[in-house]
Structures are given as C-alpha cells and as structure tokens.
Amino acid sequence: MDEALRNKLAEAHQARIDCDHERARPLYEEVLQAEPDLAEAHWGYGLVLGFLGEFEASLEQLKAACAGEHQEAQHVYDLAMTQMMLGEYDAAKPSLERAIELDETGVIAEKAKKQLSYFK
C-alpha cells in the first residue's frame, strides 16, 4: 500500500474514532476500492456501517475482515459481538472461541471469555 492510501486509511480510522461515521464511510470505501482484500479496512468499514444502522452490511464487512489467513483477534471479536447483536448466537460462539485462540491471554481473550460465559 502506498503512503497516500495508508494516510487515507489512517484518516478513516480517526474519523471512526471521532464518531464522524459519515466522514469515515467514503474514506473506507476509497481504500477498499484500491485494496479490496485489506482486512483492516473491511473491519473499520464494518464498524462504521454498524454505527450507521446498516447491520447486515456491517456483518458482511466484518466477515470479510476475518476471511483471510492472518486474522486479527480484535476483528474476530467485533464480528462475534455483531453476530450476537443480530441474534446469530450459533455463529458468535465459534467467533468468540477463535478470538480467544488468536489472543490467548490478552484483553480481547478476557472479553471474549466473559461473553462465552453467557453460553453456559
């Protein structure tokens, strides 16, 4: 990824963090147009879509973020939380378990374990 696109992704992330989802959305779309397999961009875009109330589209973007070989624990955890929010508990449980595998002893694993405790 070139520096200009990396800066655009950083700008999209900052807009998301600032809760300026309307500004973040086209930035993520532009990054994904140039880098359609970039998991980090799918993840951020998925979060933005969720905040905008587009839950099914959010879920699809989060699934895309987790589809690759090199999954990130945070991405998988956010997928699981979205699945739970949408009542897809059968899909959320393995996602939570995968987040724990990826993080093992970190903060994400602890949060995922807490969520898993509700399944017992």
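From a predicted model like this one, the values you see are computed outputs, not experimental measurements.

**Examining the overall build of the protein chain**
No. 1: The secondary structure content of the protein chain amounts to 7 helices and 0 strands.
No. 2: Ordered by position from N to C terminus, the α and β elements of the protein chain give α-α-α-α-α-α-α.
No. 3: Taking the principal axes of its C-alpha atoms as reference, the protein chain extends roughly 45 × 25 × 25 Å.
No. 4: In the protein chain, which comprises 120 residues, the share counted as buried stands at 41%.
No. 5: Taking the intrachain contacts of the protein chain between residues at least 6 apart in sequence as the baseline, contacts between residues at least 24 apart amount to 39%.
No. 6: Put simply, the protein chain shows about 6900 Å² of open surface, and 49% of that area lies on carbon and sulfur atoms.
No. 7: Of the charged side chains in the protein chain, 12 are positive and 24 negative, and the gap between their average positions amounts to 6 Å.

**Points about unusual backbone geometry**
No. 1: The backbone of C19 sits at a positive phi, close to 65°, despite the residue not being glycine.
No. 2: Locating C19 in the fold gives a position in the loop between α1 (3–17) and α2 (21–34).
No. 3: Its identity as a non-glycine residue notwithstanding, E104 has a phi of 55°, on the positive side.
No. 4: Mapped onto the elements of the fold, E104 is located in the loop between α6 (89–103) and α7 (107–116).
No. 5: Given a relative accessible area of 54%, E104 falls into the exposed group.

About the criteria used
- Residues numbered from 1 in each chain as written.
- Predicted model: local features only at pLDDT ≥ 70, side-chain atom pairs only at ≥ 80, totals over all residues.
- Heavy atoms only, no water.
- Helix = DSSP H or I, 4+ residues; strand = E, 2+ residues; numbered from the N terminus.
- Buried < 20%, exposed > 50% of the residue type's maximum accessible area, 1.4 Å probe, protein only.
- Contact = heavy atoms within 4.5 Å.
- Areas by Shrake-Rupley, 256 points an atom, 1.4 Å probe, with all protein chains shown as cover.
- Lys, Arg positive; Asp, Glu negative; His and termini not counted.
- Charge placed at Lys NZ, Arg CZ, Asp CG, Glu CD.

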